Amino acid sequence: MTHIVKVMDGFSFMPREGQSLLEALESERIEIDYQCRQGFCGACQVDLLSGDVAYDQEPVAFVPPGRILPCCCRAQSDITIEIPESQRKTG
Ligand code: FES
């Protein structure tokens, strides 16, 4: 089932079936920092403001409360995320 992803101060979209949240963001041309894309490094962290996500595999990286690793999770409900300024890729 597809859920709505709302990006704070951005817009909302529906990820395609099978996409990780990071892939879905990239499809919408929302570029964020990442490295491993497998839950090891923690580089891709964003804030989860509402809703639930599920991980394909429990990530190895430490995930602080209120944060998620979009490289290896998918929305399990409609979610709202905020991408910290430090995570945004510029040009
Ligand atoms: S890119 Fe490494 S944990 Fe997401």
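Now for a description of the structure that goes with this document. (Residues numbered from 1 in each chain as written. Predicted model: local features only at pLDDT ≥ 70, side-chain atom pairs only at ≥ 80, totals over all residues. Heavy atoms only, no water.)

A tally of helices and strands in the protein chain yields one helix and seven strands. Order of helices (α) and strands (β) in the protein chain, N terminus to C terminus: β-β-α-β-β-β-β-β. Relative to the 2.2 N^0.38 estimate, which gives 12 Å for 91 residues, the radius of gyration of the protein chain is 12 Å and therefore close to what a compact globule would have. Principal axes of the C-alpha set define a box for the protein chain whose edges measure 30 × 25 × 20 Å. Across the 91 residues in the protein chain, those meeting the buried criterion constitute 42%. (Helix = DSSP H or I, 4+ residues; strand = E, 2+ residues; numbered from the N terminus. Rg over C-alpha atoms; globule rule 2.2 N^0.38 Å. Buried < 20%, exposed > 50% of the residue type's maximum accessible area, 1.4 Å probe, protein only.)

Given two aromatic rings, their pairing is described by the distance between the two centres and the angle made by the two planes. Applying the stated criterion across every chain yields a total of one aromatic pair. Consider the rings of Phe11 and Phe13, whose centres lie 6.1 Å apart with planes at 50 degrees: the pair is tilted. Judged by relative accessible area, which is 6%, Phe13 ranks as buried. One cation-aromatic arrangement involves Arg37 over Tyr34; the distance from NZ or CZ to the ring centre is 4.5 Å. (Phe/Tyr/Trp six-rings, centres within 6.5 Å; stacked < 30°, edge-to-face > 60°. Lys NZ or Arg CZ within 6 Å of the ring centre and 35° of its normal.)

Further remarks concern the sheet that holds strand E3 (residues 46-50). Overall, mixed pairing links the five strands, which are arranged E2-E1-E7-E3-E5 in an open sheet. Strands at the two margins of the open sheet, each flanked by one partner only, are strand E2 (12-13) and strand E5 (67-68). Of the strand pairs in this sheet, E3 and E5 are connected by two bridges, and their pairing is antiparallel. Considered in E5, the bridge of Val46 is made with Ile68. (Pairing = 2+ DSSP bridges.)

The next point concerns the nonpolar core. Counting 23 residues, the largest nonpolar core has Leu25, Ile32, Ile68, Ile79 and Ile81 as the members making the most contacts within it. Sorting elements by how many residues they give to this core places helix H1 (residues 21-27) first, with four residues. Beyond its immediate stretch of four places on either side in the chain, Ile68 contacts Leu21, Cys44, Gln45, Val46, Leu48, Val53, Tyr55, Val63, Cys73 and Ile81. (Core = buried A, V, L, I, M, F, W, Y, C linked by side-chain atoms within 4.5 Å. Contact = heavy atoms within 4.5 Å.)

To continue, consider unusual backbone geometry. If you check the backbone angles, Arg29 has positive phi at about 60 degrees while not being a glycine. Relative to the elements of secondary structure, Arg29 occurs in the loop between H1 and E3. Residue class for Arg29 comes out exposed when judged on its relative accessible area of 75%. Even without being glycine, Arg37 reaches a positive phi, approximately 60 degrees.

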